[in-house]
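# Close look at the chain arrangement
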There are 2 protein chains.
Amino acid sequence: MWSSAKRMVRPKIVLFGDSITEQAIRPNGWGVPLANAYSRRADVICRGYGGYTSSWAMFLLPQLFPLDSTEPPIATTIFFGANDAALLGRSSERQHVPIEEFKDNLRTFVLHLKECSPTMQIVIITPPPIYEEGRVAYAISAHGESASRIPERTNEVTGQYADACIEVAKEMCVWYINLWSKVQDTDGWQTKLLRDGLHLTTEGNTLVYEEVIKVLNEAGLSADSMSMDFPHHSKIDYKHPELAFQKND
Amino acid sequence: MWSSAKRMVRPKIVLFGDSITEQAIRPNGWGVPLANAYSRRADVICRGYGGYTSSWAMFLLPQLFPLDSTEPPIATTIFFGANDAALLGRSSERQHVPIEEFKDNLRTFVLHLKECSPTMQIVIITPPPIYEEGRVAYAISAHGESASRIPERTNEVTGQYADACIEVAKEMCVWYINLWSKVQDTDGWQTKLLRDGLHLTTEGNTLVYEEVIKVLNEAGLSADSMSMDFPHHSKIDYKHPELAFQKND
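Residues numbered from 1 in each chain as written. Chains lettered and ligands numbered in written order. Predicted model: local features only at pLDDT ≥ 70, side-chain atom pairs only at ≥ 80, totals over all residues. Heavy atoms only, no water.

## Quick look at helix α6 (residues 132-143) of chain A
Look at α6(A): 16 Å from first C-alpha to last across 12 residues, which is about the 16 Å you get at 1.5 Å a residue. Taken as a whole, α6(A) has its buried residues at Gly134(A), Arg135(A), Val136(A) and Ala139(A). (Helix = DSSP H or I, 4+ residues; strand = E, 2+ residues; numbered from the N terminus. Expected span 1.5 Å × (residues − 1). Buried < 20%, exposed > 50% of the residue type's maximum accessible area, 1.4 Å probe, protein only.)

## A short note on the relation of the copies chain B and chain A
Here chain B sits on chain A after a turn of 180° about the axis and a move of 0.0 Å along it, with an RMSD of 0.0 Å. What the superposition gives is, in effect, a two-fold axis relating one chain to the other. Same-surface contact between copies: 100% of interface residues of chain B are shared with the interface of chain A. (Least-squares fit on C-alpha atoms with pLDDT ≥ 70 in both. Contact = heavy atoms within 4.5 Å.)

## Focus: helix α7 (residues 155-171) of chain A
Residues and elements named next belong to chain A. For α7, built from 17 residues, the straight-helix expectation of 24 Å at 1.5 Å per residue is met to within 8% by its first-to-last C-alpha distance of 24 Å. Restricting attention to buried positions, one finds in α7 the residues Asn155, Val157, Thr158, Gly159, Tyr161, Ala162, Ala164, Cys165, Ile166, Val168 and Ala169. Buried positions along α7 lie against α5 (99-116), β4 (121-125), α6, β5 (175-177), α8 (179-184) and α9 (189-192). Two residues or fewer past α7, Cys173 is found with a positive phi of approximately 55°.

## Looking at the pattern of salt bridges
Taken as a whole and judged by the stated rule, the model has 32 salt bridges over all chains. Between Arg135(A) and Asp196(A) there is a salt bridge, with its nearest N and O atoms 3.6 Å apart. One end of the pair, Arg135(A), is in helix α6; the other, Asp196(A), is in the loop between α9 and α10 (202-218), and 61 residues separate them in sequence. Accessibility expressed as a relative area gives 7% for Arg135(A), which makes it buried. The class for Asp196(A) is buried, based on a relative accessible area of 6%. Taken together, the salt bridges that share partners define one network made up of Arg10(A), Arg40(A), Asp43(A), Asp229(A), Glu22(B) and Arg47(B). (Salt bridge = Lys/Arg side-chain N within 4 Å of Asp/Glu carboxyl O.)

## Notes on the sheet that holds strand β1 (residues 12-17) of chain A
Residues and elements named next belong to chain A. Taken together, the 5 strands give an open sheet; going across it, the order is β2-β1-β3-β4-β5, and neighbouring strands pair in parallel fashion. Strand pairing shows two members of the sheet lacking a second neighbour, β2 (43-48) and β5, which therefore form its edges. For this sheet the average axis-to-axis angle between neighbouring strands, irrespective of direction, equals 20°. Two elements, β1 and β2, share 6 bridges in a ladder whose sense is parallel. In the strand pairing of β2, Phe16 is matched with Arg47. The strands that α10 touches are β1, β3 (75-79), β4 and β5; relative to β5, the one it contacts most, it runs at about 160°. (Pairing = 2+ DSSP bridges. Axes fitted to C-alpha atoms, helices over the stretch in contact; angles between N-to-C directions.)

## Considering the sheet that holds strand β4 (residues 121-125) of chain B
Residues and elements named next belong to chain B. Within the open sheet, the 5 strands sit side by side as β2-β1-β3-β4-β5. Their pairing is parallel. The sheet terminates laterally at β2 (43-48) and β5 (175-177), the two strands that pair on one side only. Pairwise comparison of adjacent strand axes, ignoring direction, gives a mean angle of 20° for this sheet. Most of the contacts of helix α5 (residues 99-116) go to strand β3 (residues 75-79), to which it runs at about 170°, and overall it touches β1 (12-17), β3 and β4.

So far we have only geometry, and geometry alone does not tell us how the molecule works.
This is how it looks when you write it as structure tokens:
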């Protein structure tokens, strides 16, 4: 594995999504403990794009996941829907994606990733629920008293987008996390797990991390099952260090 | 920049070093705010190897930084010396690297990285100081009362390795951070910035982050000066989203 002939390339786990993924690498984000869990085993790479819908993300797909890559990710999380579920006729209507188009986009993502690598583990994460009062309060804090008192998203409609994620995941035999439902299992989720009615608090990030690592473990990608890149220092014979680096597999 | 002809590849900043670098991606580590600072601009990639000396890291060099890479890092931190400075005749003597060999190793690292990419910004970070009582206390906590009361490293000798880093950095015209000295500028650094006489506390990690980002900014690699990968969502015309992805530079 560490011979000069075969180059050791560390596997990649890619987080593909909207702002909830972009914020995964903030110090309290869900990507941080994930990257640490795979320390020296896999690189966790953030490809989150705040405000993006699945339709806009479609333009990124060939760039982020080139089909001719010799090093495709071993796993990818697909985490869209929060923006797509914005309602027509409300303040974020430019982000609205009809639910059938959303489902088609998810299918395209999965097919593209499978084409990149048939063995890639794919995890669709549903959008979290919406706490509508939290969204209105956020709008007022951001835009002042003139902000609309009608939330741009509702929990009910976002739930339909969450269902769509699960439907596509089942149809295409990929993993999924029903975050919309899991978040609502916690008492006080509205402010305990969400900070503005949509984005995650530290506790909400912890929940996502725990769910993602659980699925990756189930998918056979536990960190423990993966080899560390290069030997542990205790395995190096200090008189003959070269021996530790001559392993062939 | 986002045309299909030219693939957009996000630049990489690589952290190369020993355990203090391996721990940079722990939730309180110095790599976490760094990765966040370069969100959507550069990937911060951790290549830290606990317990490794600069001599053992030499075996990793061609694998981690292949000369034929078409995407070499735009910046690399080199952060060794803490293990190399372990003293002969004490409990970690297997990690001891004579100071002249340490300097030669650093020179080889720099030359190799420059060969990878002549424009790569290289930052040598000196080892932090040693709080000798903290090392002994740590040894007792780890190995019990039978542990040696003589620390395996001294602050004085580690200071010589820090000086060696600075000498090589100046000689080879690369950036450096005198962490050995900067840590000791803080009152109570012994336990405020170090948790076991050697590794960093949360505050110590913050100091390293601040120093690294300061140097990267001076080196012309401030996040603000780098373009975000793909347009901000507010720039996307929702009726003609394709227009936002057709820019050519």
